[in-house]
Amino acid sequence: MSLETIDIAIIGGGPAGLTAALYASRARARTIVFEQAIPGGQIVTTDWIENYPGFPKGLSGQELGDLMLAQAEEFGAEIRTFATIERIEPVDLDFKILTSDGDEFLARAVIVATGAVPRKLGVPGEAEYTGRGVSWCATCDGALFKDKVVAVVGGGDAAVEEALFLTKFASLVYVIHRRDELRATKCIQERCFANEKIEVKWSRIVKEITGADGRVTGVDLAATNGEPDEHLPLDGVFLFVGIDPASDLVSGMLDLDEAGYIKTDHDGRTAWPGIYAAGDVTDTELKQVVTAAAKGASAAFEALRYIDERVCSI
Ligand SMILES: Cc1cc2nc3c(=O)[nH]c(=O)nc-3n(C[C@H](O)[C@H](O)[C@H](O)COP(=O)(O)OP(=O)(O)OC[C@H]3O[C@@H](n4cnc5c(N)ncnc54)[C@H](O)[C@@H]3O)c2cc1C
């Protein structure tokens, strides 16, 4: 079977991958984005993005993802959806890219933009009641909790923003946070404290998610400040306790930091010449759409330069 040869293979169709695709295809490089699900990445799971420049009133995560996709396609980037990359194999200076469907491509450079996945709590009941009251996506599942009582676990921007979104449906939203102050940006905190439907459970960790008849019925909470443990009756629980990098694909091939994030230089170069990385899967401090997009652009720029230099040195 002959291998389809492309210039740049981009793995992951989130903000980093789609921006890399825009820059690479606009430079007339033959570019394919491989996305294991639908394009957009994590932002399609959030209702509203109000900190991406150029949209003063904000826009939905889905809308922003669709716009990024349309712009990349406008310049000729090809997007393969439901195409999971399972392996990257070096072949001389090129890379063989293998999909889970058995398709193979030969790329001259690779950009890894596989992003991150929501971190699990690792408590009893979490796996058992996933999809039965336990969720990681308020946008997807919030409407199922009309007039119900739910909890959001976490204290960062994503947790508090999603709690605010859930007040559109739920009668009461607890925010369960292990510390005695939130990590969320101050303006988001102000909205949280002003919302009568939100009650913060300070200094509490979830010990167990309880259920009956296949549905969540509540959470057992332990106090971190010496107060007594308690049980909170609930209809649903949404988990936003951080993210873990989706870097399994390249572990053993690229340098990762202790948390599993791909180590890159300022321009997205990894330890392997010809492989670049961008966005939430990398060791950049700020993990947001604007930084993922910016790093995607840099990675594409460097990948294009790498390909040009290879051609010139022949
Ligand atoms: C609930 C929530 C709310 C948020 N709100 C905001 C906000 O308001 N503002 C903001 O700036 N940021 C926000 N963020 C953060 C923002 O979504 C991320 O920083 C951004 O999406 C990172 O983009 P990325 O392209 O690096 O990775 P991701 O968005 O994670 O995209 C990576 C993509 O790669 C795909 N993929 C992974 N492995 C493979 C593989 N092997 N083969 C093929 N495809 C693969 C995944 O399916 C995914 O689509 C929020 C995040 C969450 C979860």
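In this text the structure is predicted, and so the values were computed from the model without any measurement.

Draft legend 1. Summary view of the pairing of strand β1 (residues 4–11). Inspection of the sheet shows β1 paired to strand β6 (residues 104–112) by 7 bridges, in the parallel sense. Paired with E4 across the strands is F105, a residue of β6. Across 4 bridges, β1 lies against strand β2 (residues 31–34) in parallel orientation. Paired with I8 across the two strands is T31, which belongs to β2.

Draft legend 2. Representation of the domain arrangement of the protein within the structure. Once the domains are mapped, the protein shows domain 1 (4–118 + 243–312) and domain 2 (134–239). Its C-alpha centre places domain 1 at a distance of 32 Å from the equivalent point of domain 2. Taken residue by residue, the interface counts 4 residues in domain 1 and 7 residues in domain 2. Across the side of domain 1 that touches domain 2, the residue classes tally to 1 nonpolar, 2 polar and 1 charged.

Draft legend 3. Looking closely at the pairing of strand β5 (residues 94–99). Where strand β4 (residues 85–91) meets β5, 6 bridges bridge the pair, whose relative direction is antiparallel. Residue pairing in the sheet places P90 in a bridge with F95 of β5. Turn length for the β4-β5 hairpin, with the two strands adjacent in sequence and antiparallel, is 2 residues, and the turn residue D92 shows positive phi of about 50 degrees. Relative to β6, β5 runs antiparallel, the two being bridged by 4 bridges. Counted as the bridge partner of L98 is E104 from β6.

Definitions and cut-offs
- Residues numbered from 1 in each chain as written.
- Predicted model: local features only at pLDDT ≥ 70, side-chain atom pairs only at ≥ 80, totals over all residues.
- Pairing = 2+ DSSP bridges.
- Helix = DSSP H or I, 4+ residues; strand = E, 2+ residues; numbered from the N terminus.
- Domains from an automatic or database assignment.
- Contact = placed C-beta atoms within 7 Å.
- Nonpolar A, V, L, I, M, F, W, Y, C, P; charged D, E, K, R; others polar.

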